[in-house]
Amino acid sequence: MDTKKLGFNSKLVHAGDKHDEYGSAVTPIYQTSTFAFKSSQHGADLFAGKEKGYIYTRIGNPTIENLEDKLAELENGYRGIALSSGMAAVSTAYMALLSQGDHIISTAAVYGPSRGVLESHFTKFGVECSFVETSNIENIEKAIQSNTKVLYLETPANPTISLTDIEEASKVAHKHGIVVIVDNTFSTPYLQKPLDLGADVVLHSLTKFINGHADIVGGALIAKEKEIYDKLRKTMTLMGGNMDPHQAYMVIRGVKTLSLRVERSQQSAMKVAQFLENHPKVSWVKYPGLESHPQHALAKKQMSGFGAMISFELKGGYDAGTIVMNNVHLALLAVSLGGVESLIQHPASMPHAGVSKEGREAAGITNGLVRYSVGIEDVDDIINDLKQALDKI
Ligand SMILES: *Cc1c(COP(=O)(O)O)cnc(C)c1O
């Protein structure tokens, strides 16, 4: 069946599937490191690319390939690459597309380690980086240098939930021959398709909404064209950031319900955001679906829904944040996001506790900031849980 002609939900279920000789309903886990050649000639033909097949799991494996093909179809890309983690995808993309003396422009509020690995490792190899507020396209234009090779966008970005116009940013970048990478972890292809909007590469932490069950870590890169795909694939194979077949099987299982999960979560997220916006102990709420969000119009233009991630600020600051953390019962106090279970975190007292107040504020992490990843539980339970915790302040 040519799944490319099917709708998004049908692709989620069927794209890339490999049924075995027994008629398996799902792609089996090919838990093998290596594949035997039928003859020396067969081995030679596989290595020369004259025949299609598998050689060694770091290079390719049927279960992993199923996931890669599914993700490529969902993002309308040329082909996909599955990796061991979202950070393996990030570092592989940087390694493939940047050389000594090159310059990269990145969204300032990008996922912390995506910025950290540039500052701590890529600068060692002579790569220059600029971190700018990409919500304002002029900032991107101003940051472009003659050696700029990559524009790296995250939208919506954490924890400010600020958006970047992918179409406009890509136009500016392409005028200068700059490759555009978009981290689509928060939106997933169900809500936003960066390649259709002009980006060259889409990146995912599969750990989050795509797998959706908080039981696996994984990453992916999907390229729009063969040339960039080949560079990414070669780098992944040489650097060794490949996914494992069992991990791929789990993600294939998880992603089949992506639309159902995201749909339920975002319907609840809208209600949770409205509840918080009207709460006297909350000073502001950032959610792209609220009219008060500064980029609500852009969200409506480039996303088909507003997602399940909410940031809000407690009037009571740091202490109020710890009170809420210690009194929620339904939401789990945890980093990560995008699972069926609601997760809550207070960056100032938890993941960024070791960072100075000045450093936190430069990253948009105020003392009363709380981030909530809305799960698929009953929305009344989610709201009641938050309400009774807020009442304790
Ligand atoms: C979690 C995350 C990553 C990193 O992914 P891992 O799977 O944890 O390595 C990258 N980008 C975003 C937006 C994330 O949320």
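Since the structure is predicted, the reported quantities are computational estimates derived from the model, not experimental observations.

> Before we go on, may I ask you to explain helix 9 (residues 226-239) in this structure?
In an α-helix, one turn spans 3.6 residues; hence positions three or four apart end up facing the same way. With 14 residues, helix 9 extends 20 Å between its outermost C-alpha atoms, agreeing within 8% with the 20 Å of an ideal straight helix rising 1.5 Å per residue. Residues I228, Y229, L232, R233, T235, M236 and T237 constitute the buried set of helix 9. Lining the buried residues of helix 9 we find helix 3 (62-74), strand 1 (79-83), helix 4 (86-97), strand 5 (179-183), strand 6 (201-205) and strand 7 (219-223). The positive-phi residue at the C-terminal boundary of helix 9 is G240, with phi of around 85°.

> What is the right way to look at the site of the ligand in this model?
Lining the immediate surroundings of the ligand are 13 residues, of which M87, D183, S205, T207 and K208 lie closest. Take M87: an N or O atom from its main chain is 2.8 Å from an oxygen atom of the ligand. T207 has a polar side-chain atom sitting 2.7 Å from an oxygen atom of the ligand. For the ligand, whose accessible area on its own is 380 Å², the fraction buried by protein is 92%. Each residue belonging to the shell around the ligand can be placed in one class, and the counts come to four nonpolar, six polar and three charged.

> Looking at this structure, I do not really get helix 5 (residues 112-120). What am I missing?
Turning to helix 5, its buried residues number three or more, namely S114, V117 and L118. The arc that holds every buried residue of helix 5, seen down its axis, measures 100°, which confines them to one face. The secondary structure elements touched by the buried residues of helix 5 are helix 4, strand 2 (103-107), strand 3 (128-132) and strand 4 (148-154).

> Help me understand the packing of aromatic side chains in this model?
Aromatic ring pairs are reported here in terms of the distance separating the ring centres and the angle at which the planes meet. Using the criterion set out here, one finds six aromatic pairs in the structure. Ring geometry for F8 versus Y190: centroids 5.9 Å apart, planes at 40°, classification tilted. Note that F8 is positioned in helix 1 (residues 8-14) and Y190 in helix 8 (residues 188-191), a separation of 182 residues in sequence. In this pair, the class of F8 matches that of Y190, namely buried. Over the ring of F131 we find R115, and its NZ or CZ is 4.0 Å from the ring centre. We note K286 situated over the ring of W284; from NZ or CZ to the ring centre the distance is 4.6 Å.

> Which parts of the structure should I look at to understand the pairing of strand 5?
Looking along a regular strand, one sees side chains alternate from face to face of the sheet. Burial analysis of strand 5 places five of its five residues in the buried class, which makes it a mostly covered element. The side-chain alternation of strand 5 yields two buried faces, one formed by V179, I181 and D183 and the other by V180 and V182. Here five bridges tie strand 4 to strand 5, and the two strands are oriented parallel to one another. Among the inter-strand pairings, V150 is bridged to a residue of strand 5, identified as V179. Chirality of the crossover, the property in question, places the unit of strand 4, helix 7 (residues 166-175) and strand 5 among those that are right-handed.

> Where do I start with the domain arrangement of the chain in this structure?
The parts lose accessible area when they come together, and the size of an interface is often stated as this lost area. As far as domains go, the chain holds domain 1 (3-30 + 61-255) and domain 2 (258-390). With centres defined by C-alpha atoms, the gap from domain 1 to domain 2 works out at 24 Å. Taken together, the contact pairs 33 residues of domain 1 with 33 residues of domain 2. At the boundary of domain 1 with domain 2, total buried surface from both sides reaches about 2,700 Å², with 59% on carbon and sulfur atoms. When the area that domain 1 buries against domain 2 is broken down by residue, the three leading residues are L163, L191 and F209, summing to 27%. In this structure, D165 and K301 form a salt bridge, with 2.8 Å as the shortest nitrogen-oxygen distance. If you look at where domain 1 meets domain 2, you find 15 residue pairs in polar contact (both at pLDDT 80 or more).

> I keep staring at the sheet that holds strand 6 and nothing clicks. Help me out?
Where strands meet in a sheet, backbone hydrogen bonds hold them as pairs that are either parallel or antiparallel. Across the sheet, seven strands lie side by side as 1-7-6-5-4-2-3; this open sheet has mixed pairing. Both outer strands of the open sheet, strand 1 and strand 3, are each paired with one neighbouring strand and no more. Strand-to-strand, the axes of this sheet are offset by a mean angle of 20°, without reference to chain direction. Judged from the five bridges that link them, strand 6 and strand 7 form a sheet pairing that is antiparallel. Bridge pairing links L203 to L221 in strand 7. Those strands touched by helix 5 are strand 2, strand 3 and strand 4, and its axis lies near 150° from that of strand 3. Helix 9 rests against strand 1, strand 5, strand 6 and strand 7 of the sheet, and its axis sits at about 20° to strand 1.

> Explain the packing of helix 3 against helix 10 (residues 245-255) here, please?
Geometrically, a packed helix pair is captured by the angle between its two axes and the distance between the axes. Contact geometry of helix 3 with helix 10 gives a least axis separation of 8 Å together with a crossing angle of 40°. Once helix 3 is placed against helix 10, the crossing between them reads as left-handed. Contacts between helix 3 and helix 10 involve T63, I64, N66, L67, K70 and L74 on the former and, on the latter, P245, A248, Y249, V251, I252 and V255. Tallied by class, the residues present in the contact of helix 3 with helix 10 amount to nine nonpolar, two polar and one charged.

About the thresholds
Residues numbered from 1 in each chain as written. Predicted model: local features only at pLDDT ≥ 70, side-chain atom pairs only at ≥ 80, totals over all residues. Heavy atoms only, no water. Helix = DSSP H or I, 4+ residues; strand = E, 2+ residues; numbered from the N terminus. Expected span 1.5 Å × (residues − 1). Buried < 20%, exposed > 50% of the residue type's maximum accessible area, 1.4 Å probe, protein only. Contact = heavy atoms within 4.5 Å. Near = heavy atom within 4 Å. Polar contact = N/O pair within 3.5 Å; in protein donor to acceptor, adjacent residues only side chain to side chain. Areas by Shrake-Rupley, 256 points an atom, 1.4 Å probe, with all protein chains shown as cover. Nonpolar A, V, L, I, M, F, W, Y, C, P; charged D, E, K, R; others polar. Arc of directions from axis to C-beta. Phe/Tyr/Trp six-rings, centres within 6.5 Å; stacked < 30°, edge-to-face > 60°. Lys NZ or Arg CZ within 6 Å of the ring centre and 35° of its normal. Pairing = 2+ DSSP bridges. Right-handed = clockwise from strand over helix to strand, strands pointing away. Domains from an automatic or database assignment. Buried area = accessible area lost by both parts, 1.4 Å probe. Salt bridge = Lys/Arg side-chain N within 4 Å of Asp/Glu carboxyl O. Axes fitted to C-alpha atoms, helices over the stretch in contact; angles between N-to-C directions. Left-handed = near helix turned anticlockwise from the far one by under 90°.

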